Amino acid sequence: MRHKITVIDDDEKITSMLKRSLTFEGYDVVTAPDGQEGLKRILEHEPEVIVLDVMMPRLDGWEVCRRIRDGGISTPVLMLTAKDDISDRVKGLDLGADDYLVKPFALEELLARVRALLRRKGPETADQKTNRIQYEDIILDLDTREVFRSGHRIELTTKEFDLLHLFMMNPRRVLSRDVIMEKVWGYDYSGESNVMEVYIALLRQKTEEHGGKRLIQTVRGAGYVLRGES
C-alpha cells in the first residue's frame, strides 16, 4: 500500500519537484497551491504526512497547522520555512508541527525527514498493560496522551509528548543526543539541526509553567537526563 503525502506550497516549482520526486520514491502525492486548498486536500486525501510551507496566500502554514490540530488531526507535519529564524521554528512547533526544514533544502534530506515521520511510533513502553507513567509529580497517560503536573494539565504537541515519554521511561538515565534523535525522530542526529534543543526548551517551559522544579537536566558533553536537581 502506497503511503499518502500532501504537499502544500505556493511555489509551483517546489510542488512540481516534490510531487515528481516523492512519486518516484513510491508515494501517493497530491499538492495544493495555498493554505485554503490545502485544508480541503487534507480532508479529501487523508495523508500520512503533510509537507507544509509557511508563507502562502489565503492561509499561511501556521494557520493551516493550527486548524488541523484544533480539528483533531494528528497527521505528522513537516514545515518548510524560508529563513532559519528560531522564532519561526518555535511558533511552528508550538502550533503542533513535528519537524521543520529551511529553504533551500536538499531533496535527500526532505526524503529522509518524510521517511522518519512515516515510521515514527513513539518510544516503546516497558509494560503495555500500564497506561500511566509517573515520575515525581508528573503523570503521563498513555491512553489519552494527557500529561499532568501537580494537578495541572499540560498541553503538549505529539512530538513533545513522545520526548517526555522517552525521558519518563528512562528516569535518571543520561540519554545522548543520538539516542534521543533515533528514538523520537527516527533518524540519526547530524549535529547541524537544533530541532531537539528547541523541543527540550519548549518541554521545560511547559512542565515548569506552574512553578515546578526543573526535572530535565543537561549533562554537559553527554546529553540529557530526567532527574531532580542534586
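Just so we're clear, the structure is a prediction, and the values are computed from it rather than from any experiment. (Residues numbered from 1 in each chain as written. Predicted model: local features only at pLDDT ≥ 70, side-chain atom pairs only at ≥ 80, totals over all residues. Heavy atoms only, no water.)

## Thoughts on helix α1 (residues 12-24)
- The terminal C-alpha atoms of α1, which comprises 13 residues, lie 18 Å apart, in line with the 18 Å expected from a rise of 1.5 Å per residue.
- Regarding α1, the residues found buried are Ile14, Thr15, Leu18, Ser21 and Leu22. One side of α1 carries all its buried residues, which in axial view fall inside an arc of 140 degrees. In α1, the exposed residues that point more than 90 degrees away from the buried face are Glu12, Lys13, Arg20 and Phe24.
- Capping the start of α1 is the job of one residue whose side-chain oxygen sits 3.0 Å from the backbone nitrogen of lysine 13: aspartate 11. (Helix = DSSP H or I, 4+ residues; strand = E, 2+ residues; numbered from the N terminus. Expected span 1.5 Å × (residues − 1). Buried < 20%, exposed > 50% of the residue type's maximum accessible area, 1.4 Å probe, protein only. Arc of directions from axis to C-beta. Polar contact = N/O pair within 3.5 Å; in protein donor to acceptor, adjacent residues only side chain to side chain.)

## A short note on the packing of aromatic side chains
- Taken as a whole, this structure holds one aromatic pair when the rule is applied.
- Between the aromatic rings of tryptophan 185 and tyrosine 199, the centroid separation amounts to 5.4 Å while the plane-to-plane angle is 65 degrees, which identifies the pairing as edge-to-face. Here tryptophan 185 is found in helix α7 (residues 177-185), whereas its partner tyrosine 199 is found in helix α8 (residues 195-207), with 14 residues between them in sequence. You'll find tryptophan 185 and tyrosine 199 in the same group, each marked buried. (Phe/Tyr/Trp six-rings, centres within 6.5 Å; stacked < 30°, edge-to-face > 60°.)

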